[in-house]
Amino acid sequence: MGTGIRNKILLVDDDPDIRTFLGYNLRKEGFVVAEAASGVEALKAARSTKPDLVILDIMMPEMDGVETCVQLRAIDELEQPIIIFLTARNEDYSQIAALDAGGDDYVTKPIKPRVLISRIQALLRRVHQPVHTNGHTIHEGEEPVLNADRYTVQHAGEEYNLPKKEFELLSLLMSKPGKVFTRGFIMSQIWGEEVFISDRTIDVHIRKLRKKVGKDKIRTIKGIGYTFGK
């Protein structure tokens, strides 16, 4: 593995053949793999195994992957694992719903193990790199306050836990208030060159951040990108 660390992966899919197929390939790469056949099982397994990364099927009975993701993100004892969705659907709304729920990436079925493993390794490499806050000054008063140790942001008397990508994105924007960050630069800095994402992925993360730090804090510069502050 590229990281040199035996990362723990929780594989969640109601299809036993997919679990067997992917589990075999992941273990062959040196990952420690736990499996769950449903969203309910996934929540229990996550609490006991503390995975670094969760591979989560979207279409499952009883509790689908999107709802499972929301509940995983709400478990305090988990340290914001990476969540990759598996989906057989290519519709934008499915992908957006997955990312909006707190997912970091998605892979469409049929799954090619080498592609999935490459995506996993790329995401894990970025997790094991330090968060670059660029030494920005902590803002008091009405300005958001970032806590890099806890991956939280405080604003208007509320504290919010942020998924890693949201935190990195907000940290980047806050590092130079007033500077316009292009979409291309944001993609390369936050997701890296090895992970493909669409423009809508950034839009989803920006929309979620605005709910936490205020709509007026992050401005869209049409056709270019985003800037923090007025």
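Residues numbered from 1 in each chain as written. Predicted model: local features only at pLDDT ≥ 70, side-chain atom pairs only at ≥ 80, totals over all residues. Heavy atoms only, no water.

> Please give an account of the packing of aromatic side chains that cites residues and values.
Evaluated as defined, the whole model comprises one aromatic pair. K179 extends its terminal NZ or CZ atom over the ring of F181, reaching a point 5.4 Å from the ring centre. (Phe/Tyr/Trp six-rings, centres within 6.5 Å; stacked < 30°, edge-to-face > 60°. Lys NZ or Arg CZ within 6 Å of the ring centre and 35° of its normal.)

> Tell me about the pattern of salt bridges, and name the residues and values.
Considering all chains together, one arrives at 12 salt bridges under this definition. Among the ionic pairs, D57 bridges to K109, the shortest N-O distance being 3.1 Å. Here the residue D57 occupies a position in strand β3 (residues 53-57), and K109 occupies one in the loop between β5 (105-108) and α5 (113-127), the gap between them amounting to 52 residues. The exposure class assigned to K109 is partly exposed, which follows from its relative accessible area of 24%. Because the salt bridges share partners, they merge into one network encompassing D13, D57 and K109. (Salt bridge = Lys/Arg side-chain N within 4 Å of Asp/Glu carboxyl O. Helix = DSSP H or I, 4+ residues; strand = E, 2+ residues; numbered from the N terminus. Buried < 20%, exposed > 50% of the residue type's maximum accessible area, 1.4 Å probe, protein only.)

> Please give an account of the sheet that holds strand β9 (residues 181-182) that cites residues and values.
Across a sheet, strands are paired by hydrogen bonds formed along the backbone, either parallel or antiparallel in direction. Pairing is antiparallel across the open sheet formed by three strands, whose spatial order is β9-β11-β10. In the strand order of this sheet, the two ends are held by β9 and β10 (218-221), each with one partner. Pairing of β9 with strand β11 (residues 225-228), which is carried by two bridges, proceeds in the antiparallel orientation. Bridging across to β11, F181 finds its partner in Y226. The sheet contacts of helix α8 (residues 199-213) involve β10 and β11, and relative to β10 the element is tilted by about 145°. (Pairing = 2+ DSSP bridges. Contact = heavy atoms within 4.5 Å. Axes fitted to C-alpha atoms, helices over the stretch in contact; angles between N-to-C directions.)

> For unusual backbone geometry, give the residues involved together with the corresponding values.
What you tend to see is this: most non-glycine residues have negative phi, and most peptide bonds are trans. With omega at 0°, the peptide bond leading from K109 into P110 counts as cis. Turning to its location among the elements, P110 is positioned in the loop between β5 and α5. Even without being a glycine, K50 presents a positive backbone phi close to 50°. Along the chain, K50 turns up in the loop between α2 (39-49) and β3. On the basis of relative accessibility, which here comes to 35%, the residue K50 falls in the partly exposed class.

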